[in-house]
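# Observations on the three-dimensional arrangement
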Amino acid sequence: MASSFSRSLSLCAACVVVLVLSVAGATAGSVRTSRFDELFQPSWALDHFTYEGELLKMKLDNYSGAGFSSKSKYMFGKVTTQIKLVEGDSAGTVTAFYMSSEGSNHNEFDFEFLGNTTGEPYLVQTNVYVNGVGNREQRLNLWFDPTKDFHSYSLLWNQRQVVFLVDDTPIRVHSNLEHRGIPYPKDQPMGVYSSIWNADDWATQGGRVKTDWTHAPFVASYKGFQIDACACPATVAASDNARHCSSSAEKRYWWDEPTVSELSTHQSHQLLWVRVNHMVYDYCSDATRFPSTPLECQHHRH
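Calculation criteria
- Residues numbered from 1 in each chain as written.
- Predicted model: local features only at pLDDT ≥ 70, side-chain atom pairs only at ≥ 80, totals over all residues.
- Heavy atoms only, no water.
- Helix = DSSP H or I, 4+ residues; strand = E, 2+ residues; numbered from the N terminus.
- Buried < 20%, exposed > 50% of the residue type's maximum accessible area, 1.4 Å probe, protein only.
- Contact = heavy atoms within 4.5 Å.
- Areas by Shrake-Rupley, 256 points an atom, 1.4 Å probe, with all protein chains shown as cover.
- Phe/Tyr/Trp six-rings, centres within 6.5 Å; stacked < 30°, edge-to-face > 60°.
- Lys NZ or Arg CZ within 6 Å of the ring centre and 35° of its normal.
- Disulfide = S-S within 2.5 Å.
- Salt bridge = Lys/Arg side-chain N within 4 Å of Asp/Glu carboxyl O.
- UniProt positions renumbered as here; feature names shortened; annotations may be inferred.
- Polar contact = N/O pair within 3.5 Å; in protein donor to acceptor, adjacent residues only side chain to side chain.
- Lys, Arg positive; Asp, Glu negative; His and termini not counted.

For the protein chain, the count of helices and strands is three helices and 16 strands. Residues classed as buried in the protein chain amount to 52% of the 302 residues present. Across the protein chain, the fraction of contacts at a sequence separation of at least 24, relative to all contacts at a separation of at least 6, is 69%. A total of about 13,600 Å² of accessible surface is found on the protein chain, and carbon and sulfur atoms cover 50% of it.

The next thing to look at is the packing of aromatic side chains. Counted under the stated rule, the structure contains 23 aromatic pairs. Ring geometry for Phe 36 against Phe 40: centres 5.8 Å apart, planes inclined by 15 degrees, an arrangement best described as stacked. In this structure, Phe 36 and Phe 40 share a single accessibility class: buried. Relative to Phe 225, the ring of Tyr 222 lies with its centre 6.4 Å away and its plane at 10 degrees, an arrangement referred to as stacked. Pairwise contacts between aromatic rings join Phe 36, Phe 40, Tyr 51, Phe 68, Tyr 222 and Phe 225 into one cluster. Its guanidinium or amino end placed over the ring of Phe 150, Lys 223 lies 4.6 Å from that ring's centre, counting from NZ or CZ.

Following the criterion strictly, the structure yields two disulfides and no others. A disulfide bridge connects Cys 284 with Cys 297, and the sulfur atoms are separated by 1.9 Å. Looking down the S-S bond of the Cys 284 and Cys 297 bridge, the torsion is -70 degrees, so its handedness is left-handed. Note that Cys 284 is positioned in the segment after β16 (279–282) and Cys 297 in the segment after β16, a separation of 13 residues in sequence. For the pair Cys 284 and Cys 297, a shared accessibility class is recorded, and that class is buried.

Once that is clear, we can look at the pattern of salt bridges. Within the structure shown, the criterion is met by 12 salt bridges. When the shortest N-O distance is used, the salt bridge between Asp 37 and Arg 35 registers 3.3 Å. For Arg 289, the salt bridge goes to Glu 137, with nearest N and O atoms at 2.9 Å. You can see Arg 289 sitting in the segment after β16 and its partner Glu 137 sitting in the loop between β9 (123–129) and β10 (138–141), a full 152 residues away along the chain. We classify Arg 289 as partly exposed; its relative accessible area is 36%. The exposure class assigned to Glu 137 is buried, which follows from its relative accessible area of 15%.

What follows concerns the UniProt feature "active site" (unreviewed entry) in the protein chain. Taken from the UniProt record, the annotation "active site" (unreviewed entry) applies to Glu 108 and Glu 112. With respect to the helices and strands, Glu 108 occurs in strand β8 (residues 108–114). We classify Glu 108 as buried; its relative accessible area is 14%. Side-chain polar atoms of Glu 108 contact the side chain of His 106, separated by 2.8 Å. Relative to the helices and strands, Glu 112 is located in strand β8. Contacts of Glu 112, omitting those with residues within four sequence positions, involve Val 94, Thr 95, Ala 96, Leu 123, Val 124, Gln 125, Trp 197 and Trp 202.

Looking at where Thr 211 falls in the secondary structure, it is placed in the loop between β14 (191–198) and β15 (218–232). Leave out the neighbours within four places in its chain, and Thr 211 touches Ala 91, Gly 92, Thr 93, Asn 198, Asp 200 and Phe 218.

With that settled, consider the UniProt feature "glycosylation site" (unreviewed entry) in the protein chain. Sites flagged by UniProt as "glycosylation site" (unreviewed entry) map to Asn 116. Within the secondary structure, Asn 116 is located in the loop between β8 and β9. The buried category is assigned to Asn 116, whose relative accessible area is 11%. Leaving out residues up to four positions away in the same chain, Asn 116 has contacts with Gly 88, Asp 89, Ser 90, Ala 91, Pro 121, Thr 204 and Gln 205.

Relative to the helices and strands, Asp 89 resides in the loop between β6 (73–84) and β7 (93–100). It is Lys 148 that comes nearest to the buried, bridge-free Asp 89 among opposite-charge side chains, at 13 Å. Other than its neighbours up to four places away in sequence, Asp 89 contacts Asn 116, Thr 117, Thr 118, Asp 212, His 215 and Phe 218.

Let us now look at unusual backbone geometry. In this structure, Pro 217 follows Ala 216 across a cis peptide bond, with omega equal to 0 degrees. Take Pro 217: it is sitting in the loop between β14 and β15. In the Ramachandran plot, Ala 45 falls in the positive-phi region, its phi being about 55 degrees despite a non-glycine side chain. Phi is positive for Asp 168, which is not a glycine, with a value near 65 degrees. Here Asp 168 shows up in the loop between β12 (161–166) and β13 (169–175).

Here's what the structure looks like:
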């Protein structure tokens with residue numbers, strides 16, 4: 001999976017800001033829902049995909065899970081999809097929506113929805129990898145049943161912060177703390193991915209509850225795919241992509257505006273509400289795993 005960003009400046013103009021279903025006169029920041037096949041492609045188990053108009057369904061059975069990936073890689077912007085998670089007894093299953101770069105020093109932002117037995121709440125696990133290092137898990141339960149209807153899940157990424165959003169409510173922020181010597185993911189283009197698979201060795205109650213295959217197939221449904229981000233061709237050097245996808249005197253991108261460089265007061269209150277009422281695990285406060293508090297947790301408790 002190693003990246004092969006080779007040629008540079010002459011092709012940097014090929015980096016384009018992708019506005020989903022952009023039309024003449026559309027302004028940066030306008031996002032329109034797009035068809036799955038315009039932005040994504042199945043990456044494995046093609047026979048586990050079903051298309052029903054604008055709806056995509058992906059299934060897990062005792063033969064295989066399934067996954068899809070974006071056709072392009074991006075640097076900075078916002079990606080969103082609407083998901084209706086596996087209904088009923090989903091113990092042992094994981095449905096993931098995430099962004100990731102390639103290679104052993106990859107960056108990654110994960111939503112992982114951990115299935116559960118009937119009637120028990122889904123847990124949402126988020127994680128952030130920087131330069132190949134993860135172990136930044138947070139878990140929370142949602143304030144709604146994610147199996148009964150579609151809800152939007154978004155990743156906002158710029159040079160100041162990574163924000164995980166559920167129905168536009170921030171549930172996690174990973175801030176740029178480079179001034180404290182902490183690496184921040186800002187120099188590797190990332191693809192957008194989703195998958196469903198069997199993870200009953202860990203997903204539900206630490207692996208104590210196994211997948212009940214009599215309930216298969218387990219189906220996750222998707223619609224409302226949106227990407228408003230800076231697309232980066234693989235033929236362009238990563239450093240040139242980073243430069244092109246950053247605002248300058250000649251161009252201004254919405255993801256570099258002050259309004260998205262940090263949470264608004266309202267968003268900060270929303271995040272606090274989520275953390276107080278719905279968070280069930282935070283790596284920052286796990287003294288067993290981390291006897292010394294991780295650096296990024298020491299004064300920035302998101």
